[in-house]
Amino acid sequence: MEVSRHEHDVLIIGSGGAGLRAAIEASAGGASVALVCKSLLGKAHTVMAEGGIAAALANVDERDRWEIHFADTMRGGQYLSNWKMAEIHAKESPGRVRELEEWGAVFDRTKDGKILQRNFGGHAHPRLAHVGDRTGLEMIRTLQDHGVHQGFDDYQECTVTRLLKDGERVVGAFGYDRESGNFRVFQAGAVILATGGLGRAFKITSNSWECTGDGHSLGYHAGADLIDMEFIQFHPTGMVWPPSVRGILVTEGVRGEGGALTNSEGRRFMYDDIPPLYVNQTADTPEEGWRYVTGDRDARRPAELLTRDHVARCIVREVKEGRGSPHGGVFLDISWIKEKIPNGAEHIKRKLPAMYHQFKALADIDITEEPMEVGPTTHYVMGGLRVDPDTQMCTVPGLFAAGECAAGLHGANRLGGNSLSDLLVFGQRAGKYAAAYANEHGRGTLEEAQIEEARKEALAPLERQDQTDGAGPYAVQFELQDMMQEKVGIVREEGTLSEAVEEIAALSRRADLTGVTGDRKFNPGWHTALDLRHLLTNSEACARAALERKESRGAHSRVDFPDKDKEWGGFTVVLKRGSDGNMEVRRDALPPIREDLQKIIEEHG
Amino acid sequence: MATATLEIWRGDATGGEFKEYTTELTEGMVVLDAIHQVQAEQAHDLAVRWNCKAGKCGSCSAEVNGQPKLMCMTRMGDLPTDRPITVEPMKAFPLVKDLVTDVSWNDEVKKRIKPFKPRPPDFEDGSWEMHQSDIDRVQEFRKCIECYLCQDVCHVLREHHMHDEFIGPRFLVYNAALEMHPLDTEDRREDLRKSQGIGLCNITKCCTTVCPEGITITDNAIIPLKERVVDQAYDPVRKLIQLVTGR
Ligand SMILES: Cc1cc2nc3c(=O)[nH]c(=O)nc-3n(C[C@H](O)[C@H](O)[C@H](O)COP(=O)(O)OP(=O)(O)OC[C@H]3O[C@@H](n4cnc5c(N)ncnc54)[C@H](O)[C@@H]3O)c2cc1C
Ligand code: SF4
Ligand code: SF4
Ligand code: FES
């Protein structure tokens, strides 16, 4: 059986925005780099990002500064964010965005020829650099087209199933080629996880098949800490009809351009419930909100642009109380702006071309004429691998993480646009520091026994007899998704969360009984069986962390503890694999914030 | 219960055949949904690529009833129901398995194209002044999701297999995006004429017809590039002027 071996200074797992940016940085420093990804280069989930990249460029409103971006991020994260990361992120993102332009990105422009920025939820000023509603495509293509000339080796459609260790230190990884089913062993001085999110643990999601949280789980099984796993972002506006498109994202950019959320009574219900933390910044009336959208600097933000956690909960409330749309969502209307501006239909098509096309093609709806139906969809995980804020190293030496699989920046709730900037800022840092680590420590030694174990583990689903009456891994995956949606979803409580933990254990046992048919050549049944283990680990982490946090904060909301609790505001929930293999849960106190940063928060909070 | 019958190509480089599957039809379903349903219920090892399910990543290209399409954007309801729907892999690339083809040739082609080379920044913070009207065209080209459906349908690649001589419409669009980028200072015309075979395109416009992003490949990218290439062959002074004026 073929196992090919590869040696590099830095191994990067994942080629979304974070992985690509890391690869460019590490290569630029002279390191030999391997970039591994499950799908083809340029197809990673980052390609789907729509709205924009947050950076205080101050091109549209010159009052914007890194300090305000920092304060907005901290408030959005309900003060659980790692303040050091939030500071670095706010300071470095403008430079990272300009760098994309140097590499060929073509952002939409202001009238005076600078990068245009748009409004987004929770950002005090227009801050998102964008290209219509296809910003992720622009970003990934720019990084990819620049990257392919930097000399790193890419291994496409290769899935890593296990990290390899030399004592405490991570020194490589084991994986298989999807096309041939053959195995690969990578040996490296440092390993960066950039594997993205885990939305596939839920039934209704905006995420692609790849988002099974492999990096979260690979890191966890290698002994690294996971934090903030109770915080899953449910984006308020996913498509709800027809059923086959349920969950596909409707960008927040629609609301940024003036889109109104209404219930079946035609009421703009977001104006009925404005959280205390945001009263000062939110418009009193839709009229004031519209003035803000069109650039009136004395007006305050429309209520539709409150943070995602809050908007999602308001939508759930409207539906529950019987004021929803025919298919169980609410209405999102952008066509109304035609009353306000000449050539409104053209304006909408130009600003939101992908949304126009998506609704026209998939739902027979012309968004310039009629409202969309929308409802919450699983979108993003704030939780992930705990990293050092400067270097992005995990709590296990030699292992780094960046992008959605790393945690810290977003706390209890991520602001829109702050992910793409996160990928650039911390991808760059991970690349730089991983290369430095590799340079300093050289390559560790691989242990053949670990490789053999990884090989057996990967082959198991093909070799064991199926004991699930042919239902196979897909059925277990569907059941898990249904269960997570119902019990670890937007609204949670002790009883159902405990049930979830038990059901995950039962599903794990079932997963071990599923066999797959066919051989190793591009066999999605086999791939699904292997990904399923990661989904199960991550689901357990989410459920256990959600059970632990006995309060409601940001994206985590408990019916049995409906309020924010001051004391809990000082803790982060940590999950770690115990020596017996069980998942251990603990609380760590957050480090006290630096004084100057506290001042900034007070000034702009 | 409404059902649909699909004939899906099953096989690999050594050979294969259409296999018939019947599956339940639900409202609004797209071809990719039907394929996934078959995969989950009847053929666990059916190979297919996808990522976004929203026409944004260009992974799910295939030929549906003989037409090059993104499976995630092709609705079952829009296809004739009186006969089975055929789903087969793209023809311009070697088959890996079932609906998955080896598209790595495209990566090789891209590496051969001279990268973006901007003029020095206009401002101290490293930024440039560029106006929306100067980039509208380039943004059209940059909408490309690299689905390679245009490559699939172009007769120079599909029928004549001239992969060594011709880079295909996708990479003519790519060249055009670079050549028309207001900041770019590189000159790619000689490569286009010699090693990249722009002359082999005889403007049949099949590529434009299939592009799911609606890029006017032939009229907006290829024809202007052809003109530039001809200009250069006869008039080297013009590029000099272009370089100086930046236009
Ligand atoms: C529809 C949508 C719209 C969004 N819009 C915005 C927006 O406007 N602004 C914003 O800031 N954020 C947005 N987000 C969020 C943002 O796009 C993601 O958080 C971000 O792209 C994640 O990037 P990443 O680099 O961490 O990982 P990804 O882009 O998800 O890439 C993960 C990579 O890891 C690889 N991988 C995973 N597991 C393995 C394995 N086991 N072995 C090998 N490779 C592996 C995958 O193949 C892939 O290459 C949006 C998200 C969605 C779903
Ligand atoms: S117009 Fe040219 S590139 Fe396009 S399909 Fe025809 S021959 Fe090929
Ligand atoms: S130009 Fe159009 S058809 Fe060709 S690869 Fe790009 S998106 Fe696909
Ligand atoms: S799955 Fe992304 S284009 Fe079809």
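Residues numbered from 1 in each chain as written. Chains lettered and ligands numbered in written order. Predicted model: local features only at pLDDT ≥ 70, side-chain atom pairs only at ≥ 80, totals over all residues. Heavy atoms only, no water.

Asks: Looking at this model, I keep getting lost on the overall build of chain A. Mind explaining?
Replies: The helix and strand tally for chain A stands at 16 helices and 19 strands. Its C-alpha atoms give chain A a radius of gyration of 23 Å, within 12% of the compact-globule value 25 Å for 605 residues. Summarising its shape, the C-alpha atoms of chain A cover approximately 70 × 55 × 50 Å along the three principal directions. Burial statistics for chain A: of 605 residues in total, 67% are counted as buried. Taking as baseline every contact in chain A between residues at least 6 positions apart, the subset at least 24 positions apart corresponds to 74%. Approximately 19,800 Å² of chain A is accessible, and the part contributed by carbon and sulfur atoms is 48%. Put simply, chain A has 72 plus and 92 minus side-chain charges, and the middle of one group is 2 Å from the middle of the other. (Helix = DSSP H or I, 4+ residues; strand = E, 2+ residues; numbered from the N terminus. Rg over C-alpha atoms; globule rule 2.2 N^0.38 Å. Buried < 20%, exposed > 50% of the residue type's maximum accessible area, 1.4 Å probe, protein only. Contact = heavy atoms within 4.5 Å. Areas by Shrake-Rupley, 256 points an atom, 1.4 Å probe, with all protein chains shown as cover. Lys, Arg positive; Asp, Glu negative; His and termini not counted. Charge placed at Lys NZ, Arg CZ, Asp CG, Glu CD.)

Asks: Mind showing me how you'd approach the overall build of chain B here?
Replies: From N to C terminus, chain B includes 10 helices and 7 strands. By its C-alpha atoms, chain B is 65 × 40 × 30 Å across when sized along the principal axes. When burial is assessed residue by residue, chain B has 55% of its 247 residues classed as buried. Long-range contacts, defined here as pairs at least 24 residues apart, represent 61% of the contacts in chain B between residues at least 6 apart.

Asks: What is the right way to look at the site of ligand 3 in this model?
Replies: As a structural note, the neighbourhood of ligand 3 is formed by Cys 144, Ile 145, Glu 146, Cys 147, Tyr 148, Cys 150, Cys 211, Pro 212 and Ile 217 of chain B. The class makeup of the residues in the shell around ligand 3 is 8 nonpolar, no polar and 1 charged. (Near = heavy atom within 4 Å. Nonpolar A, V, L, I, M, F, W, Y, C, P; charged D, E, K, R; others polar.)

Asks: Where do I start with the sheet that holds strand β19 (residues 583-589) of chain A in this structure?
Replies: Residue and element names in this part refer to chain A. The strand order across the open sheet formed by 5 strands is β17-β15-β10-β18-β19, and the pairing between neighbours is mixed. The open sheet is flanked by β17 (406-407) and β19, the only strands paired with a single partner. The sheet contacts of helix α15 (residues 524-548) involve β10 (226-227), β18 (571-577) and β19, and relative to β19 the element is tilted by about 45°. (Pairing = 2+ DSSP bridges. Axes fitted to C-alpha atoms, helices over the stretch in contact; angles between N-to-C directions.)

Asks: What exactly am I supposed to notice about the packing of aromatic side chains here?
Replies: What describes a pair of aromatic rings is the distance from one ring centre to the other and the angle between the planes of the rings. Tallying each qualifying case throughout the model produces 13 aromatic pairs over all chains. On the numbers, 5.0 Å between centres and 40° between planes, the contact of Phe 174 of chain A with Phe 183 of chain A is tilted. Overall, the relative accessible area of 0% leaves Phe 174 of chain A in the buried class. Judged by centre distance (6.1 Å) and plane angle (80°), the rings of Phe 171 of chain B and Tyr 174 of chain B are edge-to-face. Here the residue Phe 171 of chain B and the residue Tyr 174 of chain B both occupy positions in helix α6 (residues 168-179), the gap between them amounting to 3 residues, near one helical turn. Taken together, the aromatic side chains of Phe 93, Trp 105, Tyr 148, Phe 171 and Tyr 174 of chain B make up a single cluster linked through ring pairs. Over the aromatic face of Tyr 380 of chain A sits the side chain of Arg 414 of chain A, whose NZ or CZ is 4.1 Å from the ring centroid. (Phe/Tyr/Trp six-rings, centres within 6.5 Å; stacked < 30°, edge-to-face > 60°. Lys NZ or Arg CZ within 6 Å of the ring centre and 35° of its normal.)

Asks: How should I be thinking about the domain arrangement of chain B in this particular structure?
Replies: For interface size, the figure often reported is the accessible area lost on association. All names here are of chain B. Examined at the domain level, chain B breaks down into domain 1 (3-101) and domain 2 (104-237). One C-alpha centre belongs to domain 1, the other to domain 2, and the line joining them spans 30 Å. Listed as interface residues are 14 residues of domain 1 and, on the opposing side, 15 residues of domain 2. Roughly 1,100 Å² of surface becomes buried between domain 1 and domain 2 when both sides are summed, with 63% attributable to carbon and sulfur atoms. Of all residues in domain 1, Pro 68, Ala 92 and Phe 93 give up the largest surface area on contact with domain 2, accounting jointly for 46% of the area buried on that side. On the surface where domain 1 and domain 2 come into contact, there are 1 salt bridge. For Arg 158, the salt bridge identified is with Glu 63, shortest N-O distance 2.8 Å. Inspection of the domain 1/domain 2 interface yields 5 residue pairs in polar contact (both at pLDDT 80 or more). Looking at the side of domain 1 that touches domain 2, the elements with two or more residues in it are β3 (61-64) and β4 (67-70). The residue makeup of the side of domain 1 that touches domain 2, split by class, is 7 nonpolar, 3 polar and 4 charged. (Domains from an automatic or database assignment. Buried area = accessible area lost by both parts, 1.4 Å probe. Salt bridge = Lys/Arg side-chain N within 4 Å of Asp/Glu carboxyl O. Polar contact = N/O pair within 3.5 Å; in protein donor to acceptor, adjacent residues only side chain to side chain.)

Asks: Help me understand the site of ligand 2, please; the structure alone is not making it clear to me.
Replies: Residues and elements named next belong to chain B. Ligand 2 sits among Cys 154, His 155, Pro 169, Cys 201, Asn 202, Ile 203, Thr 204, Lys 205, Cys 206, Cys 207, Thr 218 and Ile 222. Breaking the shell around ligand 2 down by element, the ones donating at least two residues are α8 (206-210) and α9 (217-234). Its residues placed into classes, the shell around ligand 2 shows 7 nonpolar, 4 polar and 1 charged.

Asks: What am I meant to see in the confidence of the model for chain B here?
Replies: Predicted coordinates in regions of low pLDDT should not be interpreted in detail. Mean pLDDT over chain B works out to 94, with 94% of the residues at or above the 70 mark. If you check the scores for this complex, the pTM reads 0.95 and the ipTM reads 0.93. (pLDDT = per-residue confidence, 0-100.)

Asks: Explain the domain arrangement of chain A here, please?
Replies: All names here are of chain A. Here chain A is described as being made up of domain 1 (3-53 + 75-82 + 132-233 + 379-448), domain 2 (236-376) and domain 3 (460-566). Taking only C-alpha atoms into account, the centre of domain 1 sits 22 Å from that of domain 3. Domain 1 puts 38 residues into the contact, and the matching count from domain 3 is 32 residues. Of the roughly 2,900 Å² buried between domain 1 and domain 3, counting both surfaces, carbon and sulfur atoms make up 57%. Along the contact surface separating domain 1 from domain 3 lie 3 salt bridges. Its salt-bridge partner being Asp 482, residue Lys 203 comes within 3.8 Å of it at the nearest N-O pair. In this assembly, domain 1 and domain 3 are joined by 17 residue pairs in polar contact (both at pLDDT 80 or more). Those elements giving two or more residues to the side of domain 1 that touches domain 3 turn out to be β7 (158-166), α5 (214-221) and β11 (232-239). Take the side of domain 1 that touches domain 3: its biggest share by element is 6 residues, from α5. Split into classes, the residues belonging to the side of domain 1 that touches domain 3 amount to 17 nonpolar, 13 polar and 8 charged.

Asks: Just to check I follow, could you spell out α15 of chain A for this structure?
Replies: Note: α-helices contain 3.6 residues per turn, so residues at a spacing of three or four share the same orientation. Residue and element names in this part refer to chain A. Counted at 1.5 Å a residue, the expected span for α15 with its 25 residues is 36 Å, and the 35 Å between its end C-alpha atoms agrees. Its axis deflected by about 25° at Asp 531, α15 carries its strongest bend there. Buried residues dominate α15, accounting for 22 of its 25 residues. (Expected span 1.5 Å × (residues − 1). Bend = angle between axes of the 7 residues up to and from the residue.)

Asks: Looking at this structure, I do not really get the packing of helix α2 (residues 104-112) of chain B against α6 of chain B. What am I missing?
Replies: For any two helices packed against each other, one specifies the crossing angle of their axes together with the interaxial distance. Residues and elements named next belong to chain B. Running from N to C, α2 and α6 cross one another at 30°; their axes reach a closest spacing of 11 Å. Judged by the inter-axis angle, α2 sits roughly parallel to α6. In this structure, the crossing between α2 and α6 has a hand that is right-handed. Each of Asn 106, Val 109 and Lys 110 in α2 lies in contact with α6, whose residues at this interface are Arg 170, Phe 171 and Tyr 174. Its residues assigned to classes, the contact of α2 with α6 shows 3 nonpolar, 1 polar and 2 charged. (Parallel < 35°, antiparallel > 145°, perpendicular 65-115°, else oblique. Left-handed = near helix turned anticlockwise from the far one by under 90°.)

Asks: Explain the interface of chain B and chain A to me, please; I cannot follow it from the model alone.
Replies: Counting residues at the interface gives 56 residues for chain B, matched by 64 residues for chain A. Note that Arg 75 of chain B is salt-bridged to Asp 364 of chain A, the shortest N-O span being 3.4 Å. Seen at the junction of chain B and chain A, the total is 39 residue pairs in polar contact (both at pLDDT 80 or more). Ranked by residues supplied to the side of chain B that touches chain A, first place goes to helix α3 (residues 132-141) of chain B with 4 residues.

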